[in-house]
Amino acid sequence: MSEILWQPGEERVAASNLTRFTNWLAKRSGRTFPNYDALQKWSVEHLADFWEAFLEFTGVMFSERHARVLDSHQMPGAKWFQGMRLNFAKNILGRNVQGPAIISMIESSEIDKTEFNRISFEELKNLVARCARGLQNLGIQPGDRVAGCVANVPEAIVAALACASLGATWSSASPDFGIDALCDRFLQVEPKLIFASTHYRYSGKTYHTNDVMKRLHQRIPSVRTVVSVPYPVGEATFVGDISWEDFLGNADQASLYFNPLPFDHPLYILFSSGTTGAPKCMIHGAGGTLFQHRKELQLHCDIKPGDFLLYFTTCGWMMWNWQLSALSLGATIGLYDGNPGYPELTALWRLVDQLGVTHFGTSGRFIESCMKHQPPILPGSLGAFESLKTILYTGSPLSEAGFRWVYETVKKDVHLAGISGGTDIVSCFVLGNPNLPVRAGEIQCKGLGVDVAAFDEAGNEVHDQPGELVCRQPLPCMPVGFLNDRDGEKYRSAYFDIYPGIWRHGDYVTFTAHGGVIIHGRSDATLNPAGVRIGSAEIYSALDQLPEIKGAVVAGWIPPTQSDEMIVLFVVLDKGLKLDKQIEERIRKTIRTQRSPRHIPQHIFQLSEVPVTRSGKTVELSVKAILAGKEVTNQSALANPHVLEEIQQIREMLLQLYV
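This structure is a prediction, so every number in the text was calculated from the model and none was measured. (Residues numbered from 1 in each chain as written. Predicted model: local features only at pLDDT ≥ 70, side-chain atom pairs only at ≥ 80, totals over all residues. Heavy atoms only, no water.)

### Observations concerning the overall build of the protein
Moving on, step 1. Along its length, the protein carries 20 helices and 35 strands.
Moving on, step 2. Computed over its C-alpha atoms, the radius of gyration of the protein comes to 24 Å, within 12% of the 26 Å expected for a compact globule of 659 residues.
Moving on, step 3. If you line up the protein on its principal axes, its C-alpha atoms span 70 × 65 × 55 Å.
Moving on, step 4. Within the protein, the fraction of its 659 residues that count as buried is 60%.
Moving on, step 5. Across the protein, every contact between residues at least 6 apart in sequence was considered, and the portion connecting residues at least 24 apart equals 71%.
Moving on, step 6. Total accessible area on the protein stands at roughly 25500 Å², and carbon and sulfur atoms take up 47% of it.
Moving on, step 7. Looking at charge distribution, the protein has the averaged site of its 61 positive side-chain charges lying 2 Å from that of its 69 negative ones. (Helix = DSSP H or I, 4+ residues; strand = E, 2+ residues; numbered from the N terminus. Rg over C-alpha atoms; globule rule 2.2 N^0.38 Å. Buried < 20%, exposed > 50% of the residue type's maximum accessible area, 1.4 Å probe, protein only. Contact = heavy atoms within 4.5 Å. Areas by Shrake-Rupley, 256 points an atom, 1.4 Å probe, with all protein chains shown as cover. Lys, Arg positive; Asp, Glu negative; His and termini not counted. Charge placed at Lys NZ, Arg CZ, Asp CG, Glu CD.)

Here it is as structure tokens:
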């Protein structure tokens, strides 16, 4: 059993939203829920009753009530809350909430001089009304699609909510995407209008978007108008068809209209990473997104009115959409644009302390980087974090050492909550719980109303051992469908190809005996030497013991003269170090000691960087594809595609060894 690093106190448990909901539900239903396992079990055994109850508890605003919660348990094809009409933006702006809605900031070379832009809920409401008026003036109607190639600035939130108020569908990417990556996405979306940031800043440098935006306008025939979005620092060189200021029009109080729409009316179009082909365009409905996000933010993250959530993200990652929904709970959201490690790796931590953030979100990879920083970050040196209650992480697994680093270096009394799901459901399958202990290396629990399990290759459920992550019952946040998929074949083949009628997510996981969850990595990138399945995260966590290893990516490879798969490890070393026999031996010895002899890689190579997507996820599948001699066609989806050339050269070296 893994080590317990944090246990919530009785007072904190008693005051949590989850406790309040559990007590309310017990009184409403006449049942008792002695622990979270009992509550979670009931929520999946009585799926419709759970969501009906949560709707009542959370107070979602709607104009017409549903006829029934769920028409069937068929996947795909289940219909949720038929007959309900609601508006996503109304649930953000339709309440009389006072105080700040958004606090935004841009990276600064001097943390103490970072400038903050504060926008109140009342100001946000007026900006959204003016933006919606601008959209209507340009002919945008319900069902139309609007794209954003935008930095993580308040204007992006305003534009997305304005689209939601009218019933237009929002789809966004960050401005650092190249022209091919943008076209791969927006040619499929066929937006009538694009909001485009004129420039952005990263690591102290300013990047202008004029060339890319002009080419994008030319290559996407559906686009009628490009609205140029300002950036808080630096001077713009690109102006689209109309500037943001002219688009908004006069500053008088515009009337805000919330169009009542069906539960599954398209709210967002999100994209798969697209590292092995054209990205899939997933359509997410307004009601399912709102319900699922509120459940996760309110019950699992314990966000309350007046709390402050800052999740480091870009507009090209689903965490941007997830964070936005916290506004519906009366919380403030923080927008940070730029490099979170500029001018030093501790920069974002210091802002979290300075601003009094209550819920801070980042990636497992960022925490691991901080843990391996040289010189080491000293305990207590990042700040007092008096307001910080919860640290959230996702995007990549966090090792046991990473967990311990948070409690030893950042704050002893903090809820460290891993969350894992994906763009596919714009939310989570497994995540945190404010009432449960935090165990090293584990996500705390299954989500309420989420019937997930681990399956072996024969489709049998397994416990306390690795298996495929599956979901056996529908969720309201599952995609309404894919774009350009009239018969639904793309959708079915993406999730239901292995276990008919059961969603296979593509993660390799273990559900522990005490209810925790360990993510081992992507199941299609699982290592399989001598027929033994090994998750990549097992190797990465072992390497955390070596401070000279700054990053790693591992893949399986079958040489042309053999039939058994071998493990090939690529490492990024500390500055000035070169891979030699001594370092290789330390790596192998550490992996053998921390894991087992079968985890030891047959080959180890050095890379300049770990290849990652633009949202920072390691692209194991692309590495595996290159080793297998396959072409990685959509390299524009990567943040550093040049690393793939290094791997290609290594493959050629490997082939020489097995001729």
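Don't stop here, the text continues.
### Some points on helix α6 (residues 121-137)
Moving on, step 1. With 17 residues, α6 ought to run about 24 Å at 1.5 Å a step, and its terminal C-alpha atoms sit 24 Å apart, in line with that.
Moving on, step 2. Positive phi shows up at Gly 139, right after α6, with a value of about 85°. (Expected span 1.5 Å × (residues − 1).)

### A few points about unusual backbone geometry
Moving on, step 1. Cis geometry is found at the peptide bond from Tyr 342 to Pro 343, where omega equals 0°.
Moving on, step 2. Topologically, Pro 343 is positioned in the loop between β19 (332-337) and α13 (347-355).
Moving on, step 3. Between Gln 374 and the following residue, Pro 375, the backbone shows a cis peptide bond with an omega angle of -5°.
Moving on, step 4. A positive phi is found at Ser 203, a non-glycine position, where the angle reads about 55°.
Moving on, step 5. One non-glycine residue, Asn 484, lies in positive phi territory at about 55°.
Moving on, step 6. Inspection of the secondary structure assignment puts Asn 484 in the loop between β30 (481-482) and α16 (489-495).

### With respect to the pairing of strand β13 (residues 225-229)
Moving on, step 1. Burial analysis of β13 places five of its five residues in the buried class, the great majority of the element.
Moving on, step 2. Where strand β10 (residues 193-197) meets β13, five bridges bridge the pair, whose relative direction is parallel. From the neighbouring strand, Ser 197 faces β13, where its bridge partner is Val 229.
Moving on, step 3. Alignment of β13 against strand β14 (residues 242-243), held across two bridges, turns out to be parallel. Along β14, the bridge assignment pairs Ser 228 with Ser 243. (Pairing = 2+ DSSP bridges.)

### Let's talk about the packing of helix α2 (residues 17-29) against helix α4 (residues 47-58)
Moving on, step 1. Packing of α2 against α4 brings their axes to within 11 Å, and their N-to-C directions diverge by 115°. In this structure, α2 crosses over α4, and the sense of that crossing is right-handed. Between α2 and α4, the contacting residues are Asn 17, Arg 20, Phe 21, Trp 24, Leu 25 and Arg 28 on the first element and Phe 50, Glu 52, Ala 53, Phe 54, Glu 56 and Phe 57 on the second.
Moving on, step 2. Of the residues belonging to the contact of α2 with α4, the class tally is seven nonpolar, one polar and four charged. (Axes fitted to C-alpha atoms, helices over the stretch in contact; angles between N-to-C directions. Left-handed = near helix turned anticlockwise from the far one by under 90°. Nonpolar A, V, L, I, M, F, W, Y, C, P; charged D, E, K, R; others polar.)

### Details of the sheet that holds strand β31 (residues 503-511)
Moving on, step 1. Strands sit in the order β28-β27-β29-β31-β32 across an open sheet of five strands; the sheet is antiparallel. If you trace the sheet from one side to the other, it starts and ends with β28 (461-462) and β32 (517-522), each paired once.

### Quick look at the pairing of strand β29 (residues 467-471)
Moving on, step 1. Across the five residues of β29, five count as buried, placing the element largely inside the fold.
Moving on, step 2. In this sheet, β29 lies alongside strand β27 (residues 452-455) in antiparallel orientation, the contact comprising four bridges. Of the residues in β29, the one forming a bridge with Ala 454 is Leu 469.
Moving on, step 3. Where β29 meets β31, four bridges bridge the pair, whose relative direction is antiparallel. Looking at β31, one finds that Gly 467 is bridged to Val 509.

### Let's talk about the packing of aromatic side chains
Moving on, step 1. Tallied over the entire structure, the rule returns 41 aromatic pairs.
Moving on, step 2. Plain terms: the ring middles of Trp 51 and Phe 54 are 6.2 Å apart, the flat faces sit at 90° to each other, and that makes the pair edge-to-face. Here Trp 51 pairs with Phe 54, and both are found in helix α4, just three residues apart, close to one helical turn. Of the two residues, Trp 51 and Phe 54, neither departs from the other in class, the shared state being buried.
Moving on, step 3. Taking 6.2 Å as the distance between ring centres and 55° as the angle between the ring planes, the aromatic pair formed by Trp 349 and Trp 405 counts as tilted. Pair noted here: Trp 349 is in helix α13 and Trp 405 is in helix α15 (residues 400-410), with a separation of 56 residues, a long-range link. Comparing Trp 349 with Trp 405 shows no difference in burial state: the two are buried.
Moving on, step 4. Aromatic ring contacts, followed pair by pair, group Phe 21, Trp 24, Phe 50, Trp 51, Phe 54, Phe 57, Trp 80, Phe 81, Phe 263 and Phe 291 into a single cluster.
Moving on, step 5. Lying across the ring of Phe 271, Arg 185 places its NZ or CZ 5.7 Å from the centre. (Phe/Tyr/Trp six-rings, centres within 6.5 Å; stacked < 30°, edge-to-face > 60°. Lys NZ or Arg CZ within 6 Å of the ring centre and 35° of its normal.)

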